[in-house]
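Residue-level structure breakdown
Spelled out, the chains give:
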Amino acid sequence: MRNPYRMIALPLLAGLAGCPQPDHSLVRFEKLSDCPAQTTAGLSARQNELGPRSTTHALECSLASLRRTGDQALLHTSLGSRIALHLAERSTEPEVRENLAAEGVRFAETALALGADGDAAVHYYLAANLGLVVRGHAALAADSLPRLEAEIKRSAALDPGLDDGGPLRLLGMLYLKAPPWPTGIGDGDKALQLLRQAAERYPRHPLNHLFYAEALWESEQDEAEDLARNELVIGRQRLAEGDWGYSKEPWLKEFARFENEISPSST
Amino acid sequence: MTRKLSLLCLLAGWLSYAAAGQPPIVVCYPGGPVSEDEANAAMESMLRVVEKAGQWPEHSLTSVFTSRVDECRKLLAAKKPRFTITSLGQFLEQRRTHHLVPLVQPRIRGATFERYQVITLKSGPDSLDKLAGKSLGGTVLEEPEFVRKIVFAGKLDPQNTFDLKPSRQALRALRALDKGELDAVLLNGQQSAALTALELKNPIAPVFTSADIPLMGMSANSITTTPEERQRFAKALQGMCSDPDGKKLCSLFGVEAFVPADPAAFKPLIERWDQGK
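Calculation notes
- Throughout this document, residue positions are counted from 1 along each chain, in the order its sequence is written.
- Each chain takes a letter, starting from A, and each ligand takes a number, starting from 1, following the order in which they are written.
- For this predicted model, a pLDDT threshold of at least 70 governs which residues receive local features, and a threshold of 80 or more governs which side-chain atom pairs are given and counted, while totals over whole chains, interfaces and linings are taken from all residues.
- Put simply, DSSP marks the helices as runs of H or I at least four residues long and the strands as runs of E at least two long, and each gets a number from the N terminus on.
- Any residue whose C-beta has 12 or fewer other C-beta atoms within 10 Å is treated as exposed, any with 20 or more as buried, and any in between as partly exposed, C-beta atoms being built from the backbone.
- Two residues qualify as a contact pair if the distance between their C-beta atoms, derived from the backbone, is within 7 Å.
- Here the arc refers to the directions that run from the helix axis out to each C-beta atom.
- An automatic or database domain assignment supplies the residue ranges for each domain.
- Lys, Arg, Asp and Glu make up the charged group, whereas Ala, Val, Leu, Ile, Met, Phe, Trp, Tyr, Cys and Pro make up the nonpolar group; the residues left over, Gly among them, are polar.
- Should DSSP find at least two bridges between two strands, the strands are taken to pair.
- Interaxial angle, 0 to 180 degrees, is taken between N-to-C directions of lines fitted to C-alpha atoms, where a helix line uses only the stretch in contact.
- For classification purposes, an angle smaller than 35 degrees is called roughly parallel, one larger than 145 roughly antiparallel, one from 65 to 115 roughly perpendicular, and anything else oblique.
- It is the rotation of the near helix from the far one that decides the hand of a crossing: anticlockwise by less than a right angle makes it left-handed, clockwise makes it right-handed.
- Known as pLDDT, the predictor's per-residue confidence is scaled from 0 to 100.

Some words on the overall build of chain B
- Helix and strand counts for chain B stand at 13 helices and 13 strands.
- The burial tally for chain B puts 46% of its 277 residues in the buried class.
- Considering only residue pairs separated by 6 or more positions, chain B has 80% of its internal contacts joining residues 24 or more positions apart.

Printed below as a string of structure tokens:
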């Protein structure tokens, strides 16, 4: 069975643009008439296939089905939140991305309301989507930090290996990017520890190495620069040799962004 | 409605500032751990609130950020900003070259000044004299001249007295102190105030506390800006922390409000800096 959790958001608190509380409307998909007939049972049976290698159209069809369904068992899962996240990350339109991520948050909240508190994936995709929602809104991001931290911690406690160490990766990046002590929860040491764990325990995932490299770069340790560059090489290799589907392109951009940041010409 | 607002703004004279081609606000935060991309994005957030408070058109204000002192000097020289947000050290150093005058100051925990402290383990050196030759860490050390002239009031040269270990994270420096990897840490007022909530294994104590040092906010080039522009900008910033979005941002950085800068608070520091002591 293919791992359904390969694609991970980059929902960090990077973009901070003070805006009013956004009004998230449902994103309309085109060509839904082309969607294959899909029963709830069918969707449930193939939910693990829906991931980074699925076409955007397939994900849109599935999300459209989920919007219509009243099936409690299906809504109890992380599927809706996960699909929304995949679609959000593929979108180049900030407003569309945000609306899809907001829908992902709502799906996760529905799952929790139906009793999915013990499902690490629900908390994980809730946090990943929430990160994308607040990415463009500093004030909202500030308000959401405690919830983000709590959701990721919960998913890490339930299943740290989810999405190749996804909870560790997310939590580590949250601590790396959040405002630092004494005004915020940012903590470079905690970030380094978590991201080292992610890279060591789940070495298959390219972003584990990229993010560990970023934490090393900020660590002020001796030889950290060499170690960071080494992690980047490993991460690039993992990205090249793995089948990461639609995730590959945005991840390549993430590598390029950090490599540019640490290039001698920009320091 | 939009037209009415535009007309009002035009009458108020903001177009002179908001016109295309105005230099960006240069923001320098030496010693900060944030990446420039993230800080620039955070500044975007602040500027949108300031634009709203000052009734400037959205995206009429821009900024560039750096956390490096050398880069700050370059940016100030290259961009020739009319408004800047810098550390106090950079303000004092660049004041003459760029004709900077303080515009607004943040108010944090009821005060517009702070006191720097040198912290050691209680079991360690109990005076600055006993710290001589030992390691001193902290984020403030990115600006050693500021530390010498202002924090230590010209009475002690940290570069010749201590083994300086500048850090971009105060928490990391304090943990190093706790583990015995550093002998002392220099903290700013905000960092000192947060010490009580910090869980360290070993008791710590200040061995030095500076005089009151004004908190630095925004400054303006007094040649390339008019008094009206400065007043307008200052007023917009003063409204920032009462704006619903701005309030959250202010809270994020621990700022209660921005208030008009008190020139008298800066005068003795400017004199001391210019005397080179």
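Some points on helix H4 (residues 69-79) of chain B
All names here are of chain B.
- Taken residue by residue, H4 has Val69, Cys72, Leu75 and Leu76 as its buried positions. Around the axis of H4, the buried residues are gathered within 115° of arc, so they sit on the same side. Facing away from the buried side of H4 by more than 90 degrees, the exposed set consists of Asp70, Ala77 and Ala78.
- At its buried positions, H4 is contacted by strand S1 (25-28), strand S2 (63-66), strand S3 (83-85) and helix H5 (88-98).
- Phi turns positive one or two residues past the end of H4, at Lys80, with a value near 45°.

A short note on the domain arrangement of chain B
All names here are of chain B.
- According to the domain assignment, chain B consists of domain 1 (2-110 + 215-275) and domain 2 (116-211).
- Counting residues at the interface gives 15 residues for domain 1 and 14 residues for domain 2.
- Where the side of domain 1 that touches domain 2 is concerned, the elements lending two or more residues are H5 and helix H13 (263-275).
- Split by residue class, the side of domain 1 that touches domain 2 holds eight nonpolar, five polar and two charged.

Some points on the domain arrangement of chain A
Residue and element names in this part refer to chain A.
- Under the domain assignment, chain A is made up of domain 1 (1-159) and domain 2 (161-267).
- Computed over C-alpha atoms, the centres of domain 1 and domain 2 are 23 Å apart.
- Listed per partner, the contact involves 26 residues of domain 1 and 22 residues of domain 2.
- Only helix H4 (79-90), helix H6 (120-134) and helix H7 (138-158) provide two or more residues apiece to the side of domain 1 that touches domain 2.
- The residue makeup of the side of domain 1 that touches domain 2, split by class, is 17 nonpolar, two polar and seven charged.

So, the sheet that holds S3(B)
All names here are of chain B.
- Reading across the sheet, the six strands line up as S2-S1-S3-S12-S4-S13 and stay open at both edges, with mixed pairing between neighbours. In this open sheet, the two strands that pair with only one neighbour each are S2 and strand S13 (257-260). Going from strand to strand, the sheet's axes swing by 25° on average, the running direction of each strand aside.
- Docked against the sheet, H4 engages S1, S2 and S3, running at close to 155° with respect to S2.
- Along the sheet, H5 contacts S1, strand S4 (100-107) and strand S12 (218-221); its crossing angle with S4, the most-contacted strand, is approximately 150°.

A look at the packing of helix H2 (residues 56-68) of chain A against H4(A)
Residue and element names in this part refer to chain A.
- Taken N-terminus to C-terminus, the directions of H2 and H4 make an angle of 140°; their axes are 10 Å apart at the nearest point. Between H2 and H4, the crossing angle belongs to the class labelled oblique. Relative to H4, the crossing made by H2 is left-handed. In this structure, H2 contributes Thr56, Leu59, Glu60, Ser62, Leu63 and Leu66 to the contact, and H4 contributes Leu79, Gly80, Ile83, Ala84, His86, Leu87 and Arg90.
- Residue composition of the contact of H2 with H4, by class: seven nonpolar, four polar and two charged.

Observations concerning the confidence of the model for chain A
- Taken over all residues, the pLDDT of chain A has a mean of 87, while the share at 70 or more is 90%.
- Here residues 1-21 of chain A is a poorly scored stretch, pLDDT under 50, and it has 79 contacts once near neighbours within four places are set aside; other chains count.

A few points about the pairing of S4(B)
All names here are of chain B.
- Among the eight residues of S4, six are classified as buried, and the element is accordingly described as predominantly covered.
- By the bridge criterion, four bridges tie S4 to S12 in an arrangement that is antiparallel. Within the sheet, the bridge partner assigned to Leu100 lies in S12 and is Asn221.
- The pairing of S4 with S13 spans four bridges and is antiparallel. When the bridges of S13 are listed, Val104 appears paired with Pro260.

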